[in-house]
Amino acid sequence: MRSMSDDHTHVQEFFTARAADWDSRFPDDGPAYAAAVAELGLVEGDRVLDAGCGTGRALPPLRAAVGVSGVVLGVDLTPAMLEAARRAGRDRDGRLLLADVAALPLRPESVDAVFAAGLIAHLPHPADDLRELARVVRPGGTLALFHPIGRAALAARHGRRLTTDDLRAEANLKPLLAGSGWRMTSYVDQDDRFLALAVRPS
Ligand SMILES: C[S@@+](CC[C@H](N)C(=O)[O-])C[C@H]1O[C@@H](n2cnc3c(N)ncnc32)[C@H](O)[C@@H]1O
């Protein structure tokens, strides 16, 4: 069985190798991120967490949504991804923190929403980690699990076939969220977008 630190080492090695050219590999994703952020229902002054923020591609639209009076926090486990975020100037749009979503350095109910792009497939303990995200969100707050490409297209890109045990399949994700303190409110899985929205029940 892998230990937590083995899990982290694997993820950090994987993304450290990809950090420098992460943004140039996907140069046209900006509008898709902005459209997904718009679905979180953020308003001026809100506090939002980008969980697994990577190079911070979502930080500019998140900042635009909450305005100067809001709070934008990007958390990631891989130092190289956060360094790439700083080099790209994304720290102007949000505060960057090196942390594991399994143990966030945040008070309970301290944010209004969580945006998580490309994250859950990399989590070794998704139920526990989604529960930790629910801990830091206020009742009525929202979660967006996003990917700028749908499940089938992503599997094809990696030369894989989709299997029924895929975590992000609607039939698996809905109960996973329900067991982790969330209620799934919408689910879209198209070629050019995966977006599952959930709310933390009041
Ligand atoms: C596929 S990348 C997506 C990055 C960014 N959200 C984007 O859309 O460009 C996944 C990111 O999640 C981070 N990550 C994976 N597991 C994590 C964890 N347990 N806690 C925090 N970040 C994690 C990785 O370091 C990586 O930067």
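One can find the structure itself at the top, above this paragraph.
Structure report, in brief. (Residues numbered from 1 in each chain as written. Predicted model: local features only at pLDDT ≥ 70, side-chain atom pairs only at ≥ 80, totals over all residues. Heavy atoms only, no water.)

1. Thoughts on the overall build of the protein chain
Looking only at helices and strands, one finds eight helices and seven strands in the protein chain. Its C-alpha atoms put the protein chain at 45 × 40 × 35 Å along the principal axes. By the burial criterion, 51% of the 202 residues in the protein chain qualify as buried. Sequence separation of 24 or more characterises 67% of the internal contacts of the protein chain that already satisfy a separation of 6 or more. Total accessible area on the protein chain is roughly 9800 Å²; 53% of this is exposed by carbon and sulfur atoms. (Helix = DSSP H or I, 4+ residues; strand = E, 2+ residues; numbered from the N terminus. Buried < 20%, exposed > 50% of the residue type's maximum accessible area, 1.4 Å probe, protein only. Contact = heavy atoms within 4.5 Å. Areas by Shrake-Rupley, 256 points an atom, 1.4 Å probe, with all protein chains shown as cover.)

2. Concerning the side chain of D166
As for its position among the elements, D166 is in the loop between α7 (151–157) and α8 (170–178). Sequence-distant contacts of D166, that is, excluding residues within four places in its chain, are made with R151 and N172.

3. Details of the pattern of salt bridges
Evaluated as defined, the whole model comprises 10 salt bridges. Residue E39 pairs with R193 through a salt bridge whose shortest N-O separation is 3.2 Å. Of the two residues, E39 sits in the loop between α3 (30–38) and β1 (47–51) while R193 sits in strand β7 (residues 193–199), which places them 154 residues apart along the sequence. Note on E39: relative accessible area 40%, which makes it partly exposed. For R193, a relative accessible area of 17% gives the class buried. One connected set of salt bridges, linked through shared partners, spans R47, D112 and R138. (Salt bridge = Lys/Arg side-chain N within 4 Å of Asp/Glu carboxyl O.)

4. A closer look at the packing of aromatic side chains
Geometry of an aromatic ring pair is reported as the spacing of the ring centres plus the angle between the planes. Per the counting criterion, the structure on display carries seven aromatic pairs. Arranged with centres 4.9 Å apart and planes meeting at 80°, the rings of F14 and F15 form a pair that is edge-to-face. For the pair F15 and W22, a centre-to-centre distance of 5.7 Å together with 70° between the ring planes defines the contact as edge-to-face. On the basis of relative accessible area, F15 is assigned to the buried category, the value being 11%. Note that R18 overlies the ring of F14, its terminal NZ or CZ placed 3.6 Å from the centroid. The ring of F194 has R168 sitting right over it, with the charged end atom 4.4 Å from the ring centre. (Phe/Tyr/Trp six-rings, centres within 6.5 Å; stacked < 30°, edge-to-face > 60°. Lys NZ or Arg CZ within 6 Å of the ring centre and 35° of its normal.)

5. A closer look at the sheet that holds β1
The mixed open sheet is built from seven strands, whose spatial order is β3-β2-β1-β4-β5-β7-β6. The open sheet is flanked by β3 (95–98) and β6 (183–190), the only strands paired with a single partner. Strand-to-strand, the axes of this sheet are offset by a mean angle of 15°, without reference to chain direction. On top of the sheet, helix α6 (residues 126–136) reaches β1, β4 (111–117) and β5 (137–147); it is set at about 135° to β5, its chief contact. Sitting on the sheet, α8 is in contact with β5, β6 and β7, with an inclination near 155° to β6. (Pairing = 2+ DSSP bridges. Axes fitted to C-alpha atoms, helices over the stretch in contact; angles between N-to-C directions.)

6. Thoughts on the environment of Q12
In this fold, Q12 is placed in helix α1 (residues 4–16). Residue class for Q12 comes out partly exposed when judged on its relative accessible area of 26%. Spatially, the C-alpha atom of Q12 lies 28 Å from that of K174, the residues being 162 residues apart in sequence. Not counting residues up to four positions away in its chain, the partners in contact with Q12 are L77, T78 and P79. Of note is the side chain of Q12, whose polar atom sits 2.8 Å from the backbone oxygen of L77. (Polar contact = N/O pair within 3.5 Å; in protein donor to acceptor, adjacent residues only side chain to side chain.)

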